[in-house]
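The chain contents come next:
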Amino acid sequence: MAIVEIRWHARGGQGAVTAAKLLAEMALQQDLYFQAFPEYGPERMGAPIQCFNRLSTEPINIYCSVDNPHLVVVVDPSLLGAVDFAAGLVPDGSVLVNTGEDLGHLQQRFDLAGRKVYAVNASGISLETVGRAMPNTPILGALVKILGLIPLEKAAAYLHDYFNEHFNADLAAKNVQAFERAYGEVRSA
Amino acid sequence: MSKTMAIVGTDAIAEAMRQIDPEVVAAYPITPQTAIVEKFSEYVADGLVNTQMVKVESEHSAMSACVGAAAAGGRVMTATSSQGLALMWEILYVASGLRLPIVLVNVNRTLSAPINIHCDHSDSMGARDASWIQIYSENAQEAYHNVLQAVRIAEHPEVRLPVMVNLDGFIISHAVDRIDILDDAPVREFIGEYSPAYPLLDVANPVSVGMFDGLYGYFFEAKRAQEASMEKAMYVIQQVGEEFGQRFGRPYGLWEEYGLEDARACVVALNSACGTIRTVIEAMRQEGKKIGLLKLRVFRPWPGQELVRVLQHFPVVAVFDRALAFKGGHGGPLYTEVAASLYEAEKRPLLANYVYGLGGRDLSVSMVRQALEEIWQAAEAGRVASRVNYLGLRE
Amino acid sequence: MKWDIDDVQKWPWHKHPPGLVNPDTGNSVQFNTGSWRSRRPALDLDKCSQCLVCYIYCPETSIQVQDRKVTGIDYDHCKGCGICAEECPRQAIALEDEAVQAG
């Protein structure tokens with residue numbers, strides 16, 4: 001498998017760095033090779049941030065930012081008009097957006113005609129499940145679905161253990177619910 | 001034999017420190033090193049190690065405490081970055097001059113000003129003449145292995161010099177990577193017991209350490225002895241690296257080669273850039289552009305003669321520097337060393353220097369590609385277009 | 001550890017212990033600082049009240065004491081600084097010209 005390179009666009013505090021790290025840990029469960037790293041800088045809640053993943057069946061030896069991602073994840077829909085989220089996207093690359101917006105409309109609005117675009121209303125799902133806008137877990141669910149590298153039940157089990165260990169059983173159950181819902185609800189065009 | 005983990009580089013270093021279980025760690029926080037001693041102090045608090053953790057008010061004090069603890073006979077470690085290493089400066093020389101086998105993990109970060117917390121090698125390069133052994137690591141896996149080996153190298157009776165293990169700040173220290181952490185028991189067996197030569201705490205055999213030497217004393221002799229030990233370290237580093245390979249399946253030497261057997265140009269570089277460079281070389285070799293990589297692991301002692309034997313066969317040698325030496329346009333510190341050594345060569349390759357990544361500027365695949373295409377053209381043309389080049393600089 | 005350093009000044013660089021550690025502590029007694037002296041303290045025991053002030057003040061521990069009594073001066077190590085003469089409350093120590101004393 002060639003390296004899959006992922007670039008995340010989010011705002012500080014939305015949990016994108018944690019989501020990228022969780023993806024790396026889930027990849028380890030599948031015996032894949034991986035990287036997860038943020039674009040380093042001062043932590044500023046709300047400021048646009050980027051983080052990155054690389055996934056492969058072979059060892060990864062590149063140590064630089066992802067300039068030509070195969071997949072761009074936009075965790076906060078307000079970033080769509082604020083940052084050049086599709087910069088350097090490879091020709092057959094795709095975009096995953098946290099939005100309830102119609103896909104056709106989205107493609108038109110951001111000049112994404114001919115691009116594979118995925119959408120999931122991660123903020124909505126997290127409000128309904130976790131009870132607050134933490135889009136990172138549901139967007140990770142959609143991403144895991146799109147990547148097709150990690151079986152749902154393995155990913156969900158890992159997520160459950162993570163939240164159970166770091167928080168509590170209630171939050172673990174709710175996050176798994178958010179994750180699974182997004183996994184099922186992600187749309188594409 | 002090992003467990004595979006998804007952890008950041010600083011956690012991998014903290015794991016090495018936990019396994020080494022040094023008697024004393026004295027450290028002061030500085031980004032991007034902080035996470036190492038933060039994690040390690042958790043191990044201390046949880047009773048996973050027997051280490052006396054000395055919290056100090058500066059890096060100057062951190063290294064001073066290390067010197068005292070090492071002179072007392074302890075196995076001693078610390079970690080720092082950038083301004084922290086700079087603040088340790090005068091005590092670095094005391095540590096090496098007193099021949100104390102302190103192991104320091106330096107998470108490479110540039111030096112201000114302008115204020116910048118990101119990676120380059122200005123910090124360790126500035127300390128290159130402090131008689132500290134300097135080992136560089138491409139990634140967290142190597143950094144973890146290098147820290148384990150550093151203890152053996154530093155404490156070797158023929159060496160007795162402090163060792164600095166370097167890894168790239170943020171790029172490696174703060175990235176989650178797939179790391180194999182070895183089992184504790186074989187690691188502890190590899191590291192072994194430390195028997196200091198003249199511990200101050202051996203009250204039955206009192207010694208004097210750090211006496212005034214004076215104009216008619218033996219300072220010159222002491223420095224010459226340090227130089228000789230640095231020379232010995234060259235062999236000890238290889239022995240320890242070989243033994244590490246026998247025990248754990250991954251041997252280490254003075255450097256690692258990629259594609260040198262049929263290359264017409266050779267790139268010399270340190271730390272994480274080597275991974276990106278190797279990846280680009282791999283692609284270019286598919287196109288018949290035979291370039292090789294010599295990933296230097298040991299910068300001090302400087303393996304000059306050994307390098308000349310290998311490098312003199314290439315028409316072109318290109319050196320990547322993540323620091324400047326401010327000589328006035330004559331290239332970076334690594335380039336300078338390579339060039340000086342090649343004076344002795346029977347056949348001198350054409351030389352090029354690429355200065356990159358200062359203050360953390362990303363060394364992208366496309367930047368490396370651009371440099372490597374130039375290097376390939378130089379090999380084809382038998383002529384280097386520009387000696388000192390700044391990669392990724394806005395011009 | 002006792003250590004023969006009679007010819008230390010001739011030692012080649014590789015003979016010294018690493019870091020110039022001295023494993024033979026207390027060997028400064030072998031260093032004859034008395035040769036630095038230009039003025040020699042002369043002790044008049046008839047005037048001495050055995051207050052031991054000179055012993056306390058001497059920076060080179062060169063006032064010889066036995067059974068709590070001053071018995072003499074260690075001229076191998078006395079540098080002739082004169083503190084003993086200065087501090088003596090009975091003027092029992094006088095400084096003399098070393099060259100005259102040495103003849």
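Caption draft 1: Structural view of the arrangement of the chains. Once contacts are tallied for each of the 2 pairs of chains in contact, the highest total is for chains A and B. A minimum C-alpha distance of 40 Å separates chain A and chain C, which share no contact.

Caption draft 2: Local environment of the interface of chain B and chain C. With 18 residues of chain B at the interface, the matching set in chain C holds 14 residues. For the pair chain B and chain C, the two sides together bury roughly 1,400 Å², of which 69% comes from carbon and sulfur. Contact with chain C buries surface across chain B, with Tyr198(B), Tyr218(B) and Glu221(B) losing the most and accounting together for 37% of the total. Scanning the region where chain B abuts chain C turns up 0 salt bridges. The tally of links from chain B across to chain C stands at 1 residue pair in polar contact (both at pLDDT 80 or more). With 6 residues, helix α9 (residues 219–248) of chain B is the largest single contributor of residues to the side of chain B that touches chain C. For the side of chain B that touches chain C, a count of residues per class yields 11 nonpolar, 2 polar and 5 charged.

Caption draft 3: Looking closely at the interface of chain B and chain A. Contacts between the two partners involve 23 residues from chain B, matched on the other side by 20 residues from chain A. Taken over both partners, the interface formed by chain B and chain A buries close to 1,800 Å², and the fraction arising from carbon and sulfur atoms is 59%. When the buried surface of chain B facing chain A is broken down by residue, Ala6(B), Val176(B) and Arg178(B) rank first, second and third, together holding 34% of it. At the boundary of chain B with chain A, the tally comes to 1 salt bridge. Its salt-bridge partner being Arg178(B), residue Asp31(A) comes within 2.9 Å of it at the nearest N-O pair. For the pair chain B and chain A, the interface holds 7 residue pairs in polar contact (both at pLDDT 80 or more). Listed by contribution, the elements that provide at least two residues to the side of chain B that touches chain A are β1 (2–8), β8 (176–182) and α10 (273–286) of chain B. Grouping the amino acids of the side of chain B that touches chain A by side-chain chemistry returns 9 nonpolar, 9 polar and 5 charged.

Caption draft 4: Local environment of the side chain of Thr129(A). Residue and element names in this part refer to chain A. Structurally, the position occupied by Thr129 is in helix α3 (residues 122–129). Among the polar contacts made by the side chain of Thr129, one reaches the main-chain carbonyl oxygen of Ile125 at a distance of 2.7 Å. Setting aside residues no more than four positions away along its own chain, Thr129 makes contact with Lys174, Gln177, Ala178 and Arg181.

Caption draft 5: Examining the pairing of strand β4 (residues 76–80) of chain B more closely. Residue and element names in this part refer to chain B. Within β4, 5 of the 5 residues are buried, which leaves it mostly tucked inside the rest of the structure. Burial of β4 is two-sided: the residues Val76, Thr78 and Thr80 facing one way and the residues Met77 and Ala79 facing the other way are all buried. Relative to β4, strand β2 (residues 24–27) runs parallel, the two sharing 2 bridges. Bridge pairing in β4 places Val24 opposite Val76.

Caption draft 6: Highlighting a nonpolar patch on the surface. Residues Tyr55(C), Ile56(C), Tyr57(C), Val65(C) and Ile83(C) make up a contiguous nonpolar surface patch of about 470 Å² in total accessible area. When residues in the nonpolar patch are grouped by element, the largest group, 3 residues, is from helix α1 (residues 53–57) of chain C.

Caption draft 7: How the structure looks around the state of the cysteines. Inspection of every chain in the model, using the stated rule, returns 0 disulfides over all chains. Free of any disulfide, Cys48(C) has its nearest neighbouring cysteine sulfur in Cys54(C), separated by 6.3 Å.

Caption draft 8: Spotlight on the domain arrangement of chain B. Residues and elements named next belong to chain B. In terms of domains, chain B is made up of domain 1 (2–248) and domain 2 (255–391). Taking the mean C-alpha position of each, domain 1 and domain 2 sit 28 Å from one another. Every contact between the two is made by 31 residues of domain 1 and, on the other side, 27 residues of domain 2. For the pair domain 1 and domain 2, the two sides together bury roughly 2,200 Å², of which 54% comes from carbon and sulfur.

Basis of the calculations
Residues numbered from 1 in each chain as written. Chains lettered and ligands numbered in written order. Predicted model: local features only at pLDDT ≥ 70, side-chain atom pairs only at ≥ 80, totals over all residues. Heavy atoms only, no water. Contact = heavy atoms within 4.5 Å. Buried area = accessible area lost by both parts, 1.4 Å probe. Salt bridge = Lys/Arg side-chain N within 4 Å of Asp/Glu carboxyl O. Polar contact = N/O pair within 3.5 Å; in protein donor to acceptor, adjacent residues only side chain to side chain. Helix = DSSP H or I, 4+ residues; strand = E, 2+ residues; numbered from the N terminus. Nonpolar A, V, L, I, M, F, W, Y, C, P; charged D, E, K, R; others polar. Buried < 20%, exposed > 50% of the residue type's maximum accessible area, 1.4 Å probe, protein only. Pairing = 2+ DSSP bridges. Patch = residues over 30% accessible without salt bridge, like charges linked within 9 Å, V, L, I, M, F, W, Y side chains within 5 Å. Areas by Shrake-Rupley, 256 points an atom, 1.4 Å probe, with all protein chains shown as cover. Disulfide = S-S within 2.5 Å. Domains from an automatic or database assignment.

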